[in-house]
Amino acid sequence: MLTKTKFILSMSLLFAMIPNFTANAQSVPVEYDSNIKDAIQTELMLDGGVSRQSATVSRMDDSDFNSTVNNMLASGNLKNETKQKIEKLKNAEVFTLVIDENGNLQEATSSKKGDVKAEFDKKVVVNDNKVASRKSNFKLAMALVNQGSTSGNTTGAFHRLQTPASGSTIYNGVVADSITFPTYDIAGAYSYGEAAYMYTGVDGVAEVGFEGVYSQTTPAGWYPVFHAKVSHQVTSGDDNGYTQPYGSDLTYVYRSKKYNGGDTISGYKVYYYSTESALTIREQINYSDIYVVKFANLGSTGRSVKRVTAIAMNSATSTTSDFHYSFTTPAVWRNTRF
């Protein structure tokens, strides 16, 4: 009888321990992608409601990061909108692209889907033609008001804002509260060799953003694009400074993400760190997608940053040719800052 009682007591203790084991298993901290940590750190710093400790959270291990961020969220010092952004970023999809010195896409992976290289279309643009010149009607003139002293500020169907090259003051990115894509006949423009863009560039070497794309396999729309190995320097004139011998630029279109004219995306950020030996550009869209684009053999120091809205004419016969389609609603960058 005593033996039976001991057995029952032992089994009772065993079952009593099982719920505690389950609870402990559920409390294991989430494993965060380092780029998600970085994006959350950026939101904390932009909020301004927490101490300078926020500038180091991305370097913490997962356990400390989770605890510190949760404490900040519970502190009451952060704006409600910042809390909402951080909760979205915790579940963001991270895309990592590796582009070699020849502009070729070597890798494209997703944190949620694995290898996605096959979802990127490669476009080759041979630089032997003139670029967009004159506006076709007053609607574009209103949408693309040129500013600054950069090349093409009085001609050309584009609007560019560009910082000086980084020196004692470092310019390492562009932030916009949101972006609204213009309404534009993408398919019609394509038939004339024309295309529209909204993008951020780092110096004359790399560009990330959106292009109005259409092909037999890709429905007309605005898609994320990554322009690799830009082989020209912007100097003067509507030819955008292309130099001899003419080369080829490679642009990669992520056709799994489509936006339409009039759509608005929020939380747009493009930035790099000048402390990294190889130029690595991070692009954030909608607090849900983070693109990390690594450019081999390109340095991160002394760079400028530009924000561009454009209609390009790759097959224009001269610098005075009109393009065929204009924006019928404006391209909008809300509260853009460098």
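A brief report on the enclosed structure follows.

What counts as what
Residues numbered from 1 in each chain as written. Predicted model: local features only at pLDDT ≥ 70, side-chain atom pairs only at ≥ 80, totals over all residues. Heavy atoms only, no water. Helix = DSSP H or I, 4+ residues; strand = E, 2+ residues; numbered from the N terminus. Buried < 20%, exposed > 50% of the residue type's maximum accessible area, 1.4 Å probe, protein only. Contact = heavy atoms within 4.5 Å. Areas by Shrake-Rupley, 256 points an atom, 1.4 Å probe, with all protein chains shown as cover. Polar contact = N/O pair within 3.5 Å; in protein donor to acceptor, adjacent residues only side chain to side chain. Expected span 1.5 Å × (residues − 1). Arc of directions from axis to C-beta. Phe/Tyr/Trp six-rings, centres within 6.5 Å; stacked < 30°, edge-to-face > 60°.

## Some remarks on the overall build of the protein chain
For the protein chain, the helix and strand inventory stands at six helices and 15 strands. Here the protein chain, with 338 residues, has 44% of them falling under the buried criterion. Across the protein chain, contacts joining residues at least 24 apart in sequence account for 67% of those joining residues at least 6 apart. Here the protein chain displays about 16,800 Å² of accessible surface, and carbon together with sulfur accounts for 51% of that area.

## Quick notes on the side chain of Glu 194
Within the element layout of this structure, Glu 194 appears in strand β7 (residues 194-202). Within the local environment of Glu 194, its side chain forms a polar contact with the side chain of His 324, the two groups lying 2.7 Å apart. Setting aside chain neighbours within four positions, we find Glu 194 in contact with Tyr 184, Ala 189, Ala 312, Met 313, Asp 322, Phe 323, His 324 and Tyr 325.

## A few points about helix α3 (residues 62-74)
Across its 13 residues, α3 extends 18 Å between first and last C-alpha, which sits within 8% of the 18 Å expected from 1.5 Å per residue. If you check which residues of α3 are buried, you get Phe 65, Thr 68, Val 69, Met 72 and Leu 73. Each buried residue of α3 lies within a common arc of 135° when the element is viewed along its axis, so the set occupies one face. In α3, the exposed positions angled more than 90 degrees off the buried face are occupied by Asn 71 and Ala 74. The inward-facing, buried residues of α3 abut α2 (34-47) and α4 (80-89).

## Concerning unusual backbone geometry
With a phi close to 60°, Asn 286 is a non-glycine residue in the positive phi region. Structurally, Asn 286 can be placed in the loop between β12 (280-285) and β13 (289-295). For Asn 286, a relative accessible area of 24% gives the class partly exposed. Even without being glycine, Asn 335 reaches a positive phi, approximately 50°. Structurally, the position occupied by Asn 335 is in the segment after β15 (332-334).

## A look at the packing of aromatic side chains
Any pair of aromatic rings gets described here by the distance separating the centres and the angle formed by the planes. By the definition in use, this model includes 17 aromatic pairs. With a centroid separation of 5.3 Å and 50° between ring planes, the pair formed by Phe 226 and Tyr 291 is classed as tilted. Of this pair, Phe 226 sits in strand β9 (residues 221-228) while Tyr 291 sits in strand β13, and the two are 65 residues apart along the sequence. Considered together, Phe 226 and Tyr 291 belong to a single accessibility category, that of buried residues. Consider the rings of Tyr 268 and Trp 333, whose centres lie 5.7 Å apart with planes at 75°: the pair is edge-to-face. With Tyr 268 in strand β11 (residues 264-271) and Trp 333 in strand β15, this residue pair connects regions lying 65 residues apart in the sequence. Neither residue differs from the other here; Tyr 268 and Trp 333 are each classed as buried.

Honestly, it's all geometry; don't read function into it.
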